[in-house]
Structures are given as C-alpha cells and as structure tokens.
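Listed below, chain by chain, are the residues.
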Amino acid sequence: MSRNLFEIEDNCQLKTYKKFPISIVRGEDVWVWDSEGKRYLDLYGGHAVVATGHCHPDVVSAIQEQASKLLFYSNVVYNDTRALAAEALCRIAPDGLKNAFFINSGAEANENAIKLARKVTGRTEIINFEGSFHGRTIGTLSATGMTKYRESFSPRVGGHLFAPFGDLAAVEALMSDDTAAVMLEPVQSMWGARAAGPDFYKGLRELCDRFGAKLIFDEIQTGMGRTGEFFFSPRHGVTPDIISLAKAIASGVPMGALLVSDEVSSHIGYGDLGTTFGAGPLASAALLATITVIEKYNLLDNVKQQSHYLRERLLENKHVVATHGLGFLAGIEFDREASLFRDYLLKHNIITGTSSVANVLRLLPPLTLQQAEIDQFLKVLAAFQE
Ligand SMILES: Cc1ncc(COP(=O)(O)O)c(C=O)c1O
C-alpha cells in the first residue's frame, strides 16, 4: 500500500468499529483479498450479507445492467425492475405473508414493523426478549434486549417489555389488552445463535391469537436462505403476522423489506409508511438476482447439506463444547474465549465473528460454501494453539 489506508480510515471515520487489521479490496464467492494480495476464506459473509457469495457474476451483471439503464426513481412512479423483484419476493414468501414493503436496512425494517403493529392494533406495548438485537435507532434499541447497546442512549422509547427468551410463561404474564405485538429473532444471533424449542414458537402464536396481538419475526439474519429454507417461518407450523428482512436479501446492496399478512396490509393506506430509497431500481435488481441465484444453484440444499457436515465435524474438535443455531447461522461454543479462536483463524486467513456470549464464535458464511472449504477451516481449527 503506497498510502497508509488504515490511518486514513482511522483518522476520517468515527471509531465505531474495532476493525480487523486488514483492508479488503476484492471478493469472489467465499474468498476475499486484502490490499497486500493475501486471500482469506470469508466465513463471516461480509457480516451475514453476501448470501450468493462475493460478487456473484449473475448479481454483478444484473446491477451493471440496471445502473446503465436507471439508477434511481422512488415509489412515486412504477418501475419494471421493482415490480419483478416484489413479485419474486412475494412468490418465495411464506403463505399468508405475500405483501411487501421495502426499506433500506434492518433497523428501518424493524422500526416499520413496530409502527405497523401499533397502527393495526391501536395498542402500544411490544414484548421483546432478553438477549435480542433489533438495530441501532432509538426505536429498535428500545426493543433490543442486550442492555450494553442502549445504556448510553437513555431514555428508551416506552412500551417495550422484556421476557427471557424461550420462557412462554413469562411472556404470558406480560401479555394484556395493551399488547400490540410480540417481537423476536427466531434465532438470537448475537446471543450466541440460540434457537428455542418448537413449543416456544407455537406458544407465542397461540398467545398472540388469544390476546389479539401481532407476532413479529425479525428474520434479518435467518431470512433469505441462511437456515436452509428461504425463511425461518413457517418452521414448526408457525407463521407470524410480520417478517422483517435485510442483510442478505440483495447480496450487499443495502435493502430491507417487510412481509406482512393480508390482515395487516388491509389496515395500511396511502401515506402511512414511506421511504425515499426503498426498493430503488438498483437494490431491486440485486434482490431479483439474489433470489434467482439461490434458486438456480440450489443454494438452500447446499446450506442444508454443508451445514449438517460442518456441525457434525465440529463436534470432533476437542475445544468445541456444542454447536448452536441453524444452517449457516452457526454458533460454536468453545471451552474458552471465542476471540482466541477468531484471532487465531484470522492469522491463518479465515474470517469469523464473535458474539455477545464470550465463548461463542459465529459463522455466517455465503450460502455457496462447499465441503472443501469447510475441511480447510476444520483443519486450521484442529491445529489451534493459544
Ligand atoms: C437480527 C438483526 N436485526 C436487526 C439488525 C439491524 O440491521 P441493520 O444494521 O441493517 O440496521 C441486525 C444487524 O445486525 C440484526 O442482526
């Protein structure tokens, strides 16, 4: 590097992220290259974003073609690419959730999910869960169960109540005629990729029906194929009223979306929700190409097969206590601090991430990850030395 680009970024940006000491300049599938030409296996998927792998040629050419035709026009006009992207998303959406609203990020998706629940029910309270993460805006921080993210930003928006994740009785005790919604990540990613048992999700659906409240699944990490299905819902036969999506849905072009039931949709009129950039033509082209690539290359099957293999083989490692999560939302619980493994793997050119649980490392790889690359990771991990 002729100029010190690390220094430039550090000097010009707020120090909000403790960055890995590498500058990534190029990507292809599950691989990225740094500015020195060193290649890394990206098991962090660019932060759970690059579903189709880095720079999938079909996604890149769809974006290039759209960029040369029309970069942007908002929702005040119709657009051919937006129409096709919305149609594709509604086609793969769980039955009963075939109405889409587009925004630009996960936090914005969750903000709008909360707004919808309040508007549709005319109630104010939202039941959230300890250990959850829903975004960095004041509204979504107020719904976030991990206190460390919100303690410097008081006061919270009112009306958010918290129950331990997986504890149905605690949820029931909080429910009332004021409950607008129960909102959760079906797998709590930051909290070590924790899923609950099937009865928990079924019970939440029943409680919401009984109390006339909406069920919101934040599928910003579990959505778009990461669990081996397009969405967590309708796993265990449970379909929520609202799903929020972001991260992987457009393979790295910023985009968020809500999928909502007909009943929720029927309460929404002109001007109730809005956004300038939502479903711009460029993001729409990327969304459409992402869905097409996942289907064309059978990436859901790939996630099911390879994540099964990964999880089985991980348990052979003497430092692995357990694996958590679903598919390629994988939490690896170690017998010591996960950051030791993350740092060691990075030294051996493999990018992974930690979580808010000290001993749990997270893998959020592209859905294209193959067995040979998993074997390479396992081999390096087996040679771990503190
Ligand atoms: C489950 C979940 N919800 C919401 C968000 C917020 O998404 P964004 O950073 O796009 O606002 C994240 C981001 O990590 C997330 O993992």
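What you are looking at is a predicted structure, and each value in this text was computed from that prediction instead of being measured.

### Regarding the sheet that holds strand E14 (residues 329-334)
- The strand order across the open sheet formed by three strands is E13-E14-E16, and the pairing between neighbours is antiparallel. One side of each edge strand has no neighbouring strand; the edge strands of this open sheet are strand E13 (320-326) and strand E16 (360-363). When strand polarity is set aside, the average angle formed by the axes of neighbouring strands in this sheet is 20 degrees.
- When E14 meets E16, the two strands line up antiparallel, connected through four bridges. Residue pairing for E16: alanine 330 is matched across the bridge by leucine 363.
- In the packing of helix H11 (residues 299-314) onto the sheet, the strands contacted are E13, E14 and E16, and the crossing angle to E13 comes to about 160 degrees.

### Details of the pattern of salt bridges
- Considering all chains together, one arrives at 18 salt bridges under this definition.
- Its salt-bridge partner being aspartate 241, residue arginine 205 comes within 3.1 Å of it at the nearest N-O pair. Taken together, the residues span a long stretch of sequence, with arginine 205 in helix H8 (residues 198-211) and aspartate 241 in the loop between strand E10 (214-218) and strand E11 (242-245) at a distance of 36 residues.
- What makes aspartate 241 buried here is its relative accessible area of 10%.

### Let's talk about the nonpolar core
- In terms of nonpolar packing, the biggest core is built from 93 residues, with Leu89, Val182, Leu184 and Phe377 touching the most fellow members.
- Per element, the largest residue contribution to this core is seven residues, and it comes from helix H10 (residues 281-296).
- Among the domains, domain 1 (5-56 + 298-382) and domain 2 (58-296) are the pair contributing at least three residues each to this core.
- Those residues within four positions of leucine 89 in sequence are excluded, and the remaining contacts are Ala100, Phe102, Phe231, Leu245, Ala257, Leu259, Leu287 and Ile291.

### A closer look at the site of the ligand
- The ligand sits among Ser105, Gly106, Ala107, Asn110, Phe133, His134, Gly135, Glu185, Asp218, Ile220, Gln221 and Lys247.
- One of the backbone N or O atoms of phenylalanine 133 is found 3.4 Å from a nitrogen atom in the ligand.
- For the ligand, whose accessible area on its own is 390 Å², the fraction buried by protein is 81%.
- Looking at the shell around the ligand, the element that brings in the most residues is helix H5 (residues 106-121), giving three residues.

### Focus on the packing of aromatic side chains
- Enumeration over the complete set of coordinates arrives at 13 aromatic pairs.
- Taking the centre distance of 6.4 Å and the plane angle of 75 degrees together, the rings of tyrosine 201 and phenylalanine 217 count as edge-to-face. In this pair, tyrosine 201 is assigned in helix H8 and phenylalanine 217 in strand E10, connecting sequence segments 16 residues apart. As far as burial versus exposure is concerned, tyrosine 201 and phenylalanine 217 are alike and both buried.
- Ring geometry for tyrosine 344 and phenylalanine 384: centres 5.2 Å apart, planes at 80 degrees, overall edge-to-face. Taken together, the residues span a long stretch of sequence, with tyrosine 344 in helix H12 (residues 338-347) and phenylalanine 384 in the segment after helix H13 (371-382) at a distance of 40 residues.
- Its relative accessible area of 10% is what places tyrosine 344 among the buried residues.
- In textbook terms, an aromatic cluster arises when at least three aromatic residues are bridged by ring pairs, as seen for Phe129, Phe165, Phe200, Tyr201, Phe217 and Phe232.

### Quick notes on the domain arrangement of the protein
- Domain parsing of the protein yields domain 1 (5-56 + 298-382) and domain 2 (58-296).
- Roughly 2,700 Å² of surface becomes buried between domain 1 and domain 2 when both sides are summed, with 60% attributable to carbon and sulfur atoms.
- Scanning the region where domain 1 abuts domain 2 turns up two salt bridges.
- Note that glutamate 229 is salt-bridged to lysine 304, the shortest N-O span being 3.5 Å.
- In this assembly, domain 1 and domain 2 are joined by 15 residue pairs in polar contact (both at pLDDT 80 or more).
- Partitioned by chemical class, the residues of the side of domain 1 that touches domain 2 number 17 nonpolar, ten polar and three charged.

What counts and what doesn't
Residues numbered from 1 in each chain as written. Predicted model: local features only at pLDDT ≥ 70, side-chain atom pairs only at ≥ 80, totals over all residues. Heavy atoms only, no water. Pairing = 2+ DSSP bridges. Helix = DSSP H or I, 4+ residues; strand = E, 2+ residues; numbered from the N terminus. Axes fitted to C-alpha atoms, helices over the stretch in contact; angles between N-to-C directions. Contact = heavy atoms within 4.5 Å. Salt bridge = Lys/Arg side-chain N within 4 Å of Asp/Glu carboxyl O. Buried < 20%, exposed > 50% of the residue type's maximum accessible area, 1.4 Å probe, protein only. Core = buried A, V, L, I, M, F, W, Y, C linked by side-chain atoms within 4.5 Å. Domains from an automatic or database assignment. Near = heavy atom within 4 Å. Polar contact = N/O pair within 3.5 Å; in protein donor to acceptor, adjacent residues only side chain to side chain. Areas by Shrake-Rupley, 256 points an atom, 1.4 Å probe, with all protein chains shown as cover. Phe/Tyr/Trp six-rings, centres within 6.5 Å; stacked < 30°, edge-to-face > 60°. Buried area = accessible area lost by both parts, 1.4 Å probe. Nonpolar A, V, L, I, M, F, W, Y, C, P; charged D, E, K, R; others polar.

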